[in-house]
Every structure is written in structure tokens, then in C-alpha cells.
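# A structural walkthrough
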Amino acid sequence: MPAAGATSVPNAFTAPRPTARLTALIADIAGTVGRGLPPDPTAHLVGECLVPHLGAADLLTPEQCESDPARYRQHLLHAEHDGSFSLVALVWLPGQGTSVHDHIAWCTTGVHRGREHERRYRLLPAEGPDTGPRLVATADVASGPGEVCGFAPPGDIHRVWNGGPGTAISLHVYGADISRSGTSVRRVYPQPADR
């Protein structure tokens, strides 16, 4: 998600050789996505694929857990050859987070290590001719290791951050090939006053 603060470097979307556990997870996700279900149930079922692997020491390599002191870091783990999904690991140091954004496709997240905080928003229409649409916070969620959530546009506006004292790592599965698009973000919204 470069538009929301990820590192943009040459070859940023070159996926390294996966561990055996990651290879099994990718196969599970491919089987689930390959069922061709609508976005909401797909996101939910992909979450079920993630749960048994989250927190496992042999899921990611040390390189896939590396952070960036300037901003959260995105590691592309897999982009399916047909463009149907991408799997990334996001590594967050304390205080790092995204802007308020929505996505180009369904998304499922699972916390691998640490704690990930999320604020969800709803976009309300303009109240009159002299005002614009506005964001209203609808939920605050803090997820720990092994917890998953999934969603699909519309209604996927949120921001995510690490509010804890240590490094957080989460896996994100997007229903699009972000190695081609460069991002999972559709739009970035102005930061509301409720920050």
C-alpha cells in the first residue's frame, strides 16, 4: 500500500522464496479464492485459512519480518499468477500507521505478532449545498495474535496503526494483484478530526 505509507523501492514487489508453511497457506488461499464466491464470503473464508498459521515461528523468514524506521513496511509474499489475490506481510514499529483509505478489492487481515489497531469509518453524504461528504468513526478495533477480519468495498474505509510498545506483524490478503497495481488502496481520505 505505497499510497498509505509503505516503502517504495526498486523490486519492492519481488516475492522471496516462501517457507514450507507459507507455501501451504498460499495453496489454501488459492483453493478458497478459486471457488469463485462473492467478495464478502471469500474474505471470511480466507480468514479461516489464515488462523492456523498466524503466530507460527516457521511462517515467515527473518527478512520478511524486517521493519523500516521511517514507516510501516510491506513485504509481498505472493501474487497469484491469474491476478486473483496477493498476500503481504506488513511490519509496524510502534506508532506507525496508515492514512485513512479504502481498497480496490476485498481484504482479509490477520495479526501474526503484536497488536494492530484499526478505526473504521462511514462516509456520510453532504448535509447541504455548501458542505461536502464527511467521515464518521463507526468502530475501534484492537486485534492480537491469531485474530482475523475481512471486508469488501464499499464500506471498507479505515486506518490502521501499531499502538503497542513492540513490533507488530500482520498478514493481508487482497483480492487483486498488487504486484501489478502497485497498491491495494483505492482512495486516501483527509484525516478526520477524531484522530
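Up top is the structure these notes are about.
Notes on the structure in this doc start here. (Residues numbered from 1 in each chain as written. Predicted model: local features only at pLDDT ≥ 70, side-chain atom pairs only at ≥ 80, totals over all residues. Heavy atoms only, no water.)

### Observations regarding the pattern of salt bridges
A side chain with one charge may pair with a side chain of the opposite charge, provided their charged atoms come close. Counted only if it meets this: The salt bridge definition used is simple: a Lys or Arg side-chain nitrogen within 4 Å of an Asp or Glu carboxyl oxygen. We count a stretch as a helix when DSSP gives it H or I for four or more residues in a row; a strand needs E for two or more, and each element gets its number in order from the N terminus. Throughout this description, buried means an accessible area under 20% of the type-specific maximum (1.4 Å probe, protein chains only), exposed means over 50%, and partly exposed covers the range between.
One pass over the full model with this rule turns up 7 salt bridges. Put simply, aspartate 58 and arginine 21 hold a salt bridge, and the shortest N to O gap is 2.7 Å. With aspartate 58 in the loop between α2 (39-50) and β1 (73-79) and arginine 21 in helix α1 (residues 20-33), the pair connects residues that are 37 residues apart, well separated along the chain. Given the relative accessible area of 43%, aspartate 58 is considered partly exposed. Overall, arginine 21 belongs to the partly exposed group, its relative accessible area being 25%. Across the pair aspartate 177 and arginine 180 runs a salt bridge, and its minimum N-O distance is 2.9 Å. Taking the relative accessible area as the measure of exposure, aspartate 177 reaches 8% and is therefore buried. With relative accessibility at 59%, the residue arginine 180 sits in the exposed group.

### Details of the nonpolar core
To keep it simple, the criterion reads: The nonpolar core is taken to be a set of buried Ala, Val, Leu, Ile, Met, Phe, Trp, Tyr and Cys residues, with the residues joined through side-chain atoms within 4.5 Å. Only heavy atoms matter for contacts: two residues are in contact if any of them lie within 4.5 Å across the pair.
Residues Leu25, Ile29, Leu60, Leu87, Trp106, Leu171 and Val173 are the most contacted members of the largest nonpolar core, which totals 24 residues. Elements with a contribution of two residues or more to this core: α1, α2, β2 (86-92) and β9 (168-174). Of all the elements, α1 adds the most residues to this core, at 5 residues. In this structure, leucine 25 is in contact with Cys49, Leu50, His53, Leu59, Leu87 and Leu171, ignoring residues within four places of it in sequence. Ranked by size, the runner-up nonpolar core spans 11 residues in total, among them Leu90, Cys107, Val160 and Ala168.

### Concerning the layout of surface pockets
To keep things clear, this is the line we draw: We place a 1 Å grid over just the protein atoms. Points where a 1.4 Å probe fits but has no way out form a cavity, open points with protein on both sides within 12 Å along at least 5 of 7 lines form a pocket, and any residue with an atom within 4 Å of a point lines it. Grid points are joined across faces, edges and corners, and a volume is the space filled by probe spheres set on the points. Think of it as three bins: nonpolar holds Ala, Val, Leu, Ile, Met, Phe, Trp, Tyr, Cys and Pro, charged holds Asp, Glu, Lys and Arg, and polar takes everything else, Gly as well.
By volume, the second largest pocket amounts to about 180 Å³. In terms of lining residues, the second largest pocket is bounded by 14 residues, among which Arg120, Phe151, Gly155, Asp156 and Ile157 are the most central. For the lining of the second largest pocket, the secondary structure elements donating two or more residues are β5 (116-124), β7 (148-151) and β8 (157-161). Among the elements that take part in the lining of the second largest pocket, β5 stands out by supplying 5 residues, more than any other. Of the residues assigned to the lining of the second largest pocket, the class counts are 6 nonpolar, 4 polar and 4 charged.

### A word on empty space enclosed by the protein
Applying the stated criterion across every chain, the model contains 3 cavities of 30 Å³ or more. Considered as a void within the structure, the largest cavity measures approximately 90 Å³ in volume. The wall of the largest cavity is formed by 13 residues, among which Thr109, Glu116, Glu118, Ser143 and Cys149 lie closest to the centre. Counting only elements with at least two residues in the lining of the largest cavity, the list comes to β4 (107-113), β5, β7 and β8. The residue inventory of the lining of the largest cavity, partitioned by class, reads 5 nonpolar, 5 polar and 3 charged.

### Some points on α2
Rules: To estimate the expected span of a helix, subtract one from its residue number and multiply by 1.5 Å.
Here α2 is 12 residues long and its end C-alpha atoms lie 16 Å apart, about the 16 Å a rise of 1.5 Å per residue gives. Taken together, the buried positions of α2 are Thr42, Ala43, Leu45, Val46, Gly47, Cys49 and Leu50. Contacts made by the buried residues of α2 are with α1, β4, β7 and β9.

### Brief notes about the side chain of arginine 119
Within the secondary structure, arginine 119 sits in strand β5. For arginine 119, a relative accessible area of 13% puts it in the buried group.

### Here's the deal with the sheet that holds β2
What counts here: In this scheme, strands are said to pair when DSSP sees at least two bridges between them. Working convention: axes come from line fits to C-alpha atoms, limited for helices to the stretch in contact. Angles between N-to-C directions cover 0 to 180 degrees.
One open sheet holds the 5 strands; their spatial order is β1-β2-β9-β4-β7, and the pairing between them is antiparallel. Strands with a single pairing partner mark the edges of an open sheet, and in this sheet they are β1 and β7. Each adjacent strand pair in this sheet contributes to an overall mean axis angle of 20°, direction not counted. Looking at chain direction, β1 and β2 are connected through 6 bridges and run antiparallel. Considered in β2, the bridge of leucine 76 is made with valine 88. Along the sheet, α1 makes contact with β1, β2 and β9, crossing β2 at roughly 130°.

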